[in-house]
Amino acid sequence: MPVIQINTIQLLIDNHGRKINYLRLAVTDRCNLRCFYCMPEEGLNWLSRAELMTYEEMLRGCSLLVKMGIEKIRITGGEPFVRKDIMQLLTALSKLSGLNELSLTTNGVLTAPYIPELKKLCIKTVNLSLDTLDANRFFAITRRDEFADVMQTLDRLLKHDIKVKINAVVMDGKNTQDIGPLVELTRNMPVDVRFIEEMPFNGEEHAFGGIKWDHVRILEEIRSAYSGIEKIKDPAYSTAYNYHIPGHKGNVGVIAAYSRTFCGTCNRIRITPQGVLKNCLYDAGVMNIRDIMRSGAMDAELEDKLLTAFGQREKDGWDAERNRLEKTGVHESMATIGG
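The notes below deal with the structure included here.

Rules and cut-offs
Residues numbered from 1 in each chain as written. Predicted model: local features only at pLDDT ≥ 70, side-chain atom pairs only at ≥ 80, totals over all residues. Heavy atoms only, no water. Helix = DSSP H or I, 4+ residues; strand = E, 2+ residues; numbered from the N terminus. Rg over C-alpha atoms; globule rule 2.2 N^0.38 Å. Buried < 20%, exposed > 50% of the residue type's maximum accessible area, 1.4 Å probe, protein only. Contact = heavy atoms within 4.5 Å. Lys, Arg positive; Asp, Glu negative; His and termini not counted. Charge placed at Lys NZ, Arg CZ, Asp CG, Glu CD. Axes fitted to C-alpha atoms, helices over the stretch in contact; angles between N-to-C directions. Parallel < 35°, antiparallel > 145°, perpendicular 65-115°, else oblique. Left-handed = near helix turned anticlockwise from the far one by under 90°. Pairing = 2+ DSSP bridges. Salt bridge = Lys/Arg side-chain N within 4 Å of Asp/Glu carboxyl O.

A separate point is the overall build of the chain. Of the regular secondary structure elements, the chain holds eleven helices and 15 strands. Here the chain has a C-alpha radius of gyration of 19 Å; the compact-globule value for 339 residues is 20 Å, and the two agree. Along the three orthogonal principal directions, the C-alpha set of the chain runs to about 55 × 45 × 45 Å. Relative to its 339 residues, the chain shows a buried fraction of 54%. Long-range pairs, those at least 24 residues apart, make up 72% of the contacts in the chain with a sequence separation of at least 6. If you average the places of the 44 positive and of the 44 negative side-chain charges in the chain, the two averages end up 4 Å apart.

Given below as structure tokens:
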């Protein structure tokens, strides 16, 4: 059984001995940007309202998972703030007993007006997707003219003392010239800028061609401009290799999302907007929580099914991706899986 009771604390342990304590919950597949590495320009075949998990179903699932041992929940999308009344869900989740951390990932376009409320809910960390500091390249990457709104969100988050982690996907021929300017943000801002390897989730049917900018090359590019950069201790279960440049207020990280060097300590699970549980970003999904709930299952039955699923996790993302493609041949979009 992948669950251990220590006094009154439950620990979820998978079939590879890894602790599971982190849930990424995608609340919608919709997004107000059209980043080319995430989805086609025309968008996707969006889920209908009936296909989405309701907020009540999300809260029920999260409440059960927290009782089972989940300690951190990150709200993702798509873009979370395009879903109506998202603050109602965040408020309810913030009240879950046993949940130690509630955070979210956003593209920042619609976020700024909600920041005072986020602060009141004790949301301490927000991940902000931002691949460039150049307005023209922002438009080329996202296909939308929303750069000013994103920068306003960054400014307001910092003014409200909310920790900001900037996520930048590094893409050959698109934004490698932005690595330096993004690193420079850490000089005067207390932000973590994390550079992420590009991943094969663009929603297109063609095969992913691999990457030219892996975590090693990204770090080499940073070192060439900042020879004094120092490795710092990575937090437990960190997906990023973290560094500090002396004299800077913030830090720099590199995430080997495609190389998948962190699978051995993976502590996270995902639930898609339609309720599909994913043990790995790269797998095909192992069960549908929404359907189980709608079939009339009680919490005890759902818990048993969850424990069974956690006991069948893939060893790493390479195995998960290979099995997914063998079974489905599907090239997913990051918007539909809460990447």
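Let's shift gears to unusual backbone geometry. In this chain, G77 is followed by G78 through a cis amide linkage whose omega measures 15°. Of note, G78 is situated in the loop between β5 (72-76) and α2 (86-94). Even without a glycine there, the phi angle at C122 is positive, about 65°. As for its placement among the helices and strands, C122 is situated in the loop between α3 (115-120) and β7 (125-129). You can call C122 exposed: its relative accessible area is 52%. You will see that R143, though not glycine, has its phi angle at about 65°, which is positive. Structurally, R143 can be placed in the loop between α4 (135-142) and α5 (147-159).

Another aspect to go through is the packing of helix α1 (residues 55-68) against α2. Helices that pack against each other are described as a pair by the angle of their axes relative to one another and the distance between those axes. Orientation of α1 relative to α2, taken along the N-to-C sense of each, is 20°, at an axis distance of 10 Å. Classified by the angle their axes make, α1 and α2 are roughly parallel. Crossing angle aside, the handedness with which α1 passes α2 is right-handed. Taking contact as the criterion, the partners of Y55, M58, L59 and C62 in α1 are, on α2, I86, L89, A92 and L93.

Here the focus is the pairing of β5. A regular strand places its side chains on the two faces of the sheet in alternate fashion. Of all five residues making up β5, five are buried, and the element is well covered by its neighbours. Strand direction decides the pairing type here: strand β4 (residues 22-26) and β5, joined by five bridges, are parallel. In the sheet register, L25 faces β5, and the bridge partner there is I75. In this sheet, strand β6 (residues 101-106) lies alongside β5 in parallel orientation, the contact comprising four bridges. Bridge pairing in β6 links K72 to E101.

This part takes up the pattern of salt bridges. For the structure shown, the criterion picks out 16 salt bridges. D283 is the partner of K278 in a salt bridge, and the nearest nitrogen-oxygen pair spans 3.5 Å. In this structure D283 comes out as buried when scored by relative accessible area, which is 6%. Between D291 and R290 there is a salt bridge; the shortest N-O distance is 2.9 Å. Several salt bridges converge on common partners, so that one network encompasses D14, R18 and R313.

Keep in mind these numbers describe shape, not what the thing actually does.
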